[in-house]
Amino acid sequence: MKRYQIRFFGVVQQVGFRHYSQQFAKENQCTGWVKNCNDGSVLMEIQGEEERINQVITALNSLRHAHIETIEKNELSLQNENSFIYRFD
């Protein structure tokens, strides 16, 4: 089990990116959250099996209307949670 903070840069806002992030995370039994940032990026914390997290990232890379240019990924400590949500803070 791993937890990562991932920041996605590119065309990732107003293209359904958060919605699909939540959908793909749930499909892959991952928990965490996703939110838009003021700089146009999308920030995510995602927790699950490494292979499942990678499947979420691969699925996001295949979105037709989004275009990920850069991904920053940092490992974090595991947290006790049971869902994947949107954050608005």
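Above this text is the structure in question.
One structure accompanies this document, and this report is about it. None of these values were measured; they are calculated from a predicted model. Starting from 1, residues in each chain are numbered consecutively following that chain's sequence as written. In view of the model being predicted, local features appear only for residues whose pLDDT reaches at least 70, and side-chain atom pairs are presented and counted only at 80 or more, with totals across whole chains, interfaces and linings using the full set of residues. Just so you know, side-chain values use all the structure's heavy atoms and leave hydrogens and water out.

**Regarding the pairing of strand S2 (residues 31-36)**
Turning to step 1, where the next piece is worked out: Among the 6 residues in S2, 5 count as buried, and that is most of the element.
Turning to step 2, where the next piece is worked out: Following DSSP output, two strands are said to pair if at least two bridges run between them. Numbering goes from the N terminus for both helices and strands, where a helix is a DSSP run of H or I of at least four residues and a strand is a run of E of at least two. Pairing of S2 with strand S3 (residues 42-48) involves 6 bridges; the strand directions are antiparallel. Its bridge partner being in S3, Lys-35 is matched across the sheet by Leu-43.
Turning to step 3, where the next piece is worked out: In textbook terms, the turn of a hairpin is the stretch between consecutive antiparallel strands, and for S2 and S3 this stretch comprises 5 residues, one of which, Gly-40, has a positive phi near 95°.
Turning to step 4, where the next piece is worked out: The sheet contact formed by S2 and strand S5 (residues 84-86) spans 3 bridges and is parallel. The residue of S5 that forms the bridge with Val-34 is Tyr-86. For every residue, the accessible area (1.4 Å probe, protein chains only) is compared with the maximum for its type, and the residue is labelled buried under 20%, exposed over 50%, or partly exposed between those bounds.

**With respect to the packing of aromatic side chains**
Turning to step 1, where the next piece is worked out: Ring geometry is summarised as follows: Phe, Tyr and Trp rings, the Trp one being its six-membered ring, pair when their centres sit within 6.5 Å, and such pairs are stacked at plane angles under 30 degrees, edge-to-face over 60 and tilted between the two. Scanning the entire structure with this criterion turns up 3 aromatic pairs.
Turning to step 2, where the next piece is worked out: Relative to Phe-88, the ring of Tyr-86 has its centre 6.2 Å away and its plane inclined at 85°; by these criteria the two rings are edge-to-face.
Turning to step 3, where the next piece is worked out: The lysine or arginine in question, Arg-18, covers the ring of Tyr-86, its NZ or CZ lying 5.2 Å from the ring centre.
Turning to step 4, where the next piece is worked out: When the ring centre of Trp-33 is taken as reference, the NZ or CZ atom of Arg-87 above it lies at 4.0 Å. Whether a charge sits over a ring depends on NZ of Lys or CZ of Arg being within 6 Å of the ring centre and within 35 degrees of the ring normal.

**Let's talk about unusual backbone geometry**
Turning to step 1, where the next piece is worked out: Even without glycine at this site, Gln-14 takes up a positive phi of about 65°.
Turning to step 2, where the next piece is worked out: Relative to the helices and strands, Gln-14 is located in the loop between strand S1 (2-11) and helix H1 (17-27).
Turning to step 3, where the next piece is worked out: Phi at Gln-29 takes a positive value of approximately 55°, unusual for a residue other than glycine.

**As for the pattern of salt bridges**
Turning to step 1, where the next piece is worked out: Should a side-chain nitrogen of Lys or Arg be within 4 Å of a carboxyl oxygen of Asp or Glu, the pair is scored as a salt bridge. Taken as a whole and assessed by the stated rule, the structure comprises 7 salt bridges.
Turning to step 2, where the next piece is worked out: For the salt bridge of Lys-35 with Asp-89, the shortest nitrogen-to-oxygen distance reads 3.9 Å. Of this pair, Lys-35 sits in strand S2 while Asp-89 sits in the segment after S5; the two residues are 54 residues apart in sequence, bridging distant segments of the chain.
Turning to step 3, where the next piece is worked out: Given a relative accessible area of 14%, Lys-35 falls into the buried group.
Turning to step 4, where the next piece is worked out: With relative accessibility at 59%, the residue Asp-89 sits in the exposed group.
Turning to step 5, where the next piece is worked out: When the shortest N-O distance is used, the salt bridge between Arg-87 and Asp-89 registers 2.5 Å.
Turning to step 6, where the next piece is worked out: Linked by salt bridges that have partners in common, Arg-3, Glu-45 and Glu-81 make up one network.

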